[in-house]
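The residues making up each chain are set out below.
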Amino acid sequence: MTLPREPLVSIVTPSFNQGGFIAETIASVLGQDYPHVEYLVVDGGSTDGTLDILRRFGHRLSWSSEPDRGQSDAINKGWRGTHGEIIAWLNADDLYRPSAITKVVAFFQQHPDIDLVYGDCDFINEGGDVLGRHHKGQASAADLVRSPVSLILQPAAFLRRRVLESVGYLDETLQFIMDMEYWLRVASRHNISHLPECLAAFRVHGGSKSGRQSQRFEDERLRVYEQFFKSPTVPDHLKRLEREAMRNVYSRAANDHFLAGDMKQAQHFAAVSWRYLPLRPQRIQLKVLVLGLAGSRGVRLAAWLRNFAGAAGGL
């Protein structure tokens, strides 16, 4: 399907009490050099001054503010209220880089068979300083299925609207990995591609998640993968990756609990992951199980390893 010469691009920003960042987010969208952008902010009833900021932008964007059922609900509501042939969402603390939308439209024009395109993405701090860059390159559907973490950073991803007709909307029961789950669904039915340009910036702020949130994150990830492989719409070549994918998901859970200092849960997930492919052990499985068997000495060594490698995101 060929797009019009200058198709409408619809961007939705879900918002709730992000008054410290949302003005910069909005400016990054309205400052794009592409002329046909439909921009909608769906606010969940903020009480921190966000609405005053939205009013300052006047008619340059559309917005609503009312209680919702969470981020996924807000994004779905926004997508249903837009009309663009290319759609995306940008969270209220993230940014688009200059000319990002122009580059995406040109890519879709040149590749009519691609329905999801994603670019590189900077990591920035509260002040906007660049901490690093997410660059995973081209990934296949099989790569996404095998990986326990998303290879596609959400702020740098754009979709054709026809994807909604095929796979539907975001899963509103998810609070943490609704984007990762959506990419899995999309990639199992549509062609995806990497655009080697930095399109967005993901803001890292607010400190680490609580233990309760971390557990909910793990629960969601396990549930998403279990449901994915039960779906009748998943093609056979992806279903054949189930054992490898589940081994990787449980191994990741083991590593996350290890870094959080919960050796008991780390051992549990490492043991479960081993059952999927017992003849192909991973380093995290061996590390967690051996340190656990070492008793108190292993716990002390684990604490040292966490302090040594935690800043790098794992071992």
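Figured I'd write up the structure that's included with this text. Please read these numbers as outputs of a predicted model, since none were measured by experiment.

## Considering the overall build of the protein
Link 1 in the chain: Counting its regular elements, the protein contains 13 helices and nine strands.
Link 2 in the chain: Counting every atom, the protein has about 14,700 Å² of accessible surface; 52% of that belongs to carbon and sulfur.

## Remarks on empty space enclosed by the protein
Link 1 in the chain: Within this structure, the stated rule accounts for one cavity of 30 Å³ or more.
Link 2 in the chain: Considering only enclosed or pocket space, the largest cavity measures out at about 50 Å³ in volume.
Link 3 in the chain: Forming the boundary of the largest cavity are Leu144, Ser147, Val149, Ser150, Leu151, Met180, Trp183, Leu184 and Tyr225.
Link 4 in the chain: In terms of residues, the lining of the largest cavity owes the most to one element, helix 7 (residues 178-187), which gives three residues.
Link 5 in the chain: In terms of residue class, the lining of the largest cavity is made up of seven nonpolar, two polar and no charged.

## Digging into the packing of aromatic side chains
Link 1 in the chain: In the structure shown here, the tally under the stated rule is eleven aromatic pairs.
Link 2 in the chain: With centroids separated by 6.1 Å and ring planes inclined at 85°, the aromatic side chains of Phe123 and Phe202 adopt a geometry described as edge-to-face. On the criterion of sequence distance, the pair formed by Phe123 in strand 6 (residues 116-124) and Phe202 in strand 9 (residues 192-203) is long-range, its members being 79 residues apart.
Link 3 in the chain: With relative accessibility at 24%, the residue Phe123 sits in the partly exposed group.
Link 4 in the chain: Among the aromatic residues, ring-to-ring pairing joins Trp79, Trp89, Tyr182 and Trp183 into one connected group.
Link 5 in the chain: The ring of Tyr169 carries Arg80 above its face, with NZ or CZ at 4.2 Å from the centroid.

## With respect to the nonpolar core
Link 1 in the chain: Of all hydrophobic cores here, the largest spans 57 residues; its most connected members are Trp79, Leu144, Leu159, Tyr182, Trp183 and Tyr225.
Link 2 in the chain: Excluding residues within four positions of it along the chain, Tyr225 makes contact with Leu144, Val145, Ser147, Pro148, Met180, Leu184, Ala245, Met246 and Val249.
Link 3 in the chain: Counting residues in each nonpolar core, the second largest holds 34 residues, with Leu3, Val105, Leu153 and Leu195 among its members.

## A look at the side chain of Asp122
Link 1 in the chain: Summarising the element assignment, Asp122 is placed in strand 6.
Link 2 in the chain: Separated by 2.7 Å, the side chains of Asp122 and Arg133 make a polar contact.
Link 3 in the chain: For Asp122, the residues in contact, after removing those within four places along its chain, are Arg97, Val130, Gly132, Arg133, Cys198, Ala200, Ala201 and Phe202.

## Structural notes on the pairing of strand 9
Link 1 in the chain: Counting buried positions over the twelve residues of strand 9 gives nine, a clear majority of the element.
Link 2 in the chain: As judged from the nine bridges shared by strand 6 and strand 9, these two strands associate in the parallel manner. Its bridge partner being in strand 9, Asp120 is matched across the sheet by Cys198.

## A few points about the pairing of strand 6
Link 1 in the chain: With respect to burial, strand 6 is a largely interior element, eight of its nine residues being buried.
Link 2 in the chain: Alignment of strand 6 against strand 8 (residues 157-160), held across three bridges, turns out to be antiparallel. Within the sheet, the bridge partner assigned to Val117 lies in strand 8 and is Phe158.
Link 3 in the chain: The pairing of strand 6 with strand 7 (residues 130-134) spans four bridges and is antiparallel. Across the sheet, residue Cys121 finds its bridge partner in strand 7, namely His134.
Link 4 in the chain: Between strand 6 and strand 7, which pair antiparallel in sequence order, lie five residues; one of them, Gly128, sits at a positive phi of approximately 90°.

## Focus on the side chain of Arg203
Link 1 in the chain: You can see Arg203 is positioned in strand 9.
Link 2 in the chain: Of the residues examined, Arg203 reaches a relative accessible area of 3% and is grouped as buried.
Link 3 in the chain: Among the polar contacts listed, one links the side chain of Arg203 to the side chain of Glu24, at a separation of 3.0 Å.

## Some words on the pattern of salt bridges
Link 1 in the chain: All told, the structure shown has 16 salt bridges when counted by the stated rule.
Link 2 in the chain: Asp73 is the partner of Arg69 in a salt bridge, and the nearest nitrogen-oxygen pair spans 3.2 Å.
Link 3 in the chain: The residue Glu244 makes a salt bridge to Arg146 at a minimum N-O spacing of 3.3 Å. Taken as a pair, Glu244 in helix 10 (residues 242-259) and Arg146 in helix 5 (residues 141-146) lie far apart in primary sequence, 98 residues in all.
Link 4 in the chain: On the basis of relative accessible area, Arg146 is assigned to the partly exposed category, the value being 30%.
Link 5 in the chain: Because the salt bridges share partners, they merge into one network encompassing Glu218, Arg221, Arg252 and Asp256.

Analysis parameters
- Residues numbered from 1 in each chain as written.
- Predicted model: local features only at pLDDT ≥ 70, side-chain atom pairs only at ≥ 80, totals over all residues.
- Heavy atoms only, no water.
- Helix = DSSP H or I, 4+ residues; strand = E, 2+ residues; numbered from the N terminus.
- Areas by Shrake-Rupley, 256 points an atom, 1.4 Å probe, with all protein chains shown as cover.
- 1 Å grid on protein atoms, 1.4 Å probe; cavity = no way out; pocket = protein on both sides within 12 Å on 5 of 7 lines; lining within 4 Å.
- Points joined across faces, edges and corners; volume = space filled by probe spheres on them.
- Nonpolar A, V, L, I, M, F, W, Y, C, P; charged D, E, K, R; others polar.
- Phe/Tyr/Trp six-rings, centres within 6.5 Å; stacked < 30°, edge-to-face > 60°.
- Buried < 20%, exposed > 50% of the residue type's maximum accessible area, 1.4 Å probe, protein only.
- Lys NZ or Arg CZ within 6 Å of the ring centre and 35° of its normal.
- Core = buried A, V, L, I, M, F, W, Y, C linked by side-chain atoms within 4.5 Å.
- Contact = heavy atoms within 4.5 Å.
- Polar contact = N/O pair within 3.5 Å; in protein donor to acceptor, adjacent residues only side chain to side chain.
- Pairing = 2+ DSSP bridges.
- Salt bridge = Lys/Arg side-chain N within 4 Å of Asp/Glu carboxyl O.

Read these as spatial facts, not as claims about activity.
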